[in-house]
Amino acid sequence: MADAPRLLGQHCQRCHGLEVIQRREHSRLGWYWTVQRMRWLHGAELEPEARAAIVGHLAARDAAGWGLRLSEAARLLGPPLGLLAVVVFTLLWKRKVSDVRDR
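Residues numbered from 1 in each chain as written. Predicted model: local features only at pLDDT ≥ 70, side-chain atom pairs only at ≥ 80, totals over all residues. Heavy atoms only, no water.

One pass over the structure, following the stated rule, counts 1 salt bridge. For arginine 6, the salt bridge is made with aspartate 3, and the minimal N-O distance between the two is 3.4 Å. By relative accessible area, which is 47% here, arginine 6 ends up partly exposed. (Salt bridge = Lys/Arg side-chain N within 4 Å of Asp/Glu carboxyl O. Buried < 20%, exposed > 50% of the residue type's maximum accessible area, 1.4 Å probe, protein only.)

So this is what it looks like as structure tokens:
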């Protein structure tokens, strides 16, 4: 993952300024699908190793933000719905992350 910043500059900054990438926050799954969308719709050429490094780098950078947003959403929904939302999100996230890792 040490090459991830270089790969980010080499591949992503061809079309985006760094500020565009820094403004976005996604989970690992969100970054995975963002990179896939760039490949499918915009022709971004990335080797699987480069994709994994970039997704891992961006997801690690954003990891704290997701927990904070989830806790804020749970607080706004109130105790019963908030707890249910956290449980459902956690179960779905774990399932999706394991699916992405298996590819």
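Here the focus is the packing of aromatic side chains. Inspection of every chain in the model, using the stated rule, returns 2 aromatic pairs. On the numbers, 4.9 Å between centres and 80° between planes, the contact of tyrosine 32 with tryptophan 33 is edge-to-face. A relative accessible area of 15% places tyrosine 32 in the buried class. Seen in terms of ring centroids, tryptophan 33 and tryptophan 40 are 5.8 Å apart; in terms of plane orientation they differ by 50°. Their pairing is tilted. Its relative accessible area of 55% is what places tryptophan 40 among the exposed residues. (Phe/Tyr/Trp six-rings, centres within 6.5 Å; stacked < 30°, edge-to-face > 60°.)

Take the nonpolar core next. Residues Leu8, Ile21, Trp31, Ile54 and Leu58 are the most contacted members of the largest nonpolar core, which totals 15 residues. Elements that contribute at least two residues to this core include exactly helix H1 (4-11), helix H3 (28-42) and helix H4 (48-77). A total of 6 residues in this core trace back to one element, the largest contributor, which is H4. Ignoring any residue separated from it by four or fewer positions in sequence, one finds isoleucine 54 in contact with Leu7, Leu8, His11, Cys12, Val35 and Leu46. (Core = buried A, V, L, I, M, F, W, Y, C linked by side-chain atoms within 4.5 Å. Helix = DSSP H or I, 4+ residues; strand = E, 2+ residues; numbered from the N terminus. Contact = heavy atoms within 4.5 Å.)

Before going further, it helps to spend a moment on H1. Taken together, the buried positions of H1 are occupied by Ala4, Leu7, Leu8 and His11. Down the axis of H1, the sector holding all buried residues measures 105°, keeping them to one side. (Arc of directions from axis to C-beta.)

Within the element layout of this structure, histidine 42 appears in helix H3. On the basis of relative accessibility, which here comes to 57%, the residue histidine 42 falls in the exposed class. The spatial distance from the C-alpha of histidine 42 to the C-alpha of cysteine 15 is 9.8 Å, given a sequence separation of 27 residues.

For the rest of this paragraph, the subject is H3. Between the first and last C-alpha of H3 there are 20 Å, a value that for 15 residues agrees with the 21 Å anticipated at 1.5 Å per step. Of the residues making up H3, those classed as buried are Leu29, Trp31, Tyr32, Thr34, Val35, Gln36 and Met38. Downstream of H3 by a residue or two, glycine 43 has a phi angle that is positive, lying close to 75°. (Expected span 1.5 Å × (residues − 1).)

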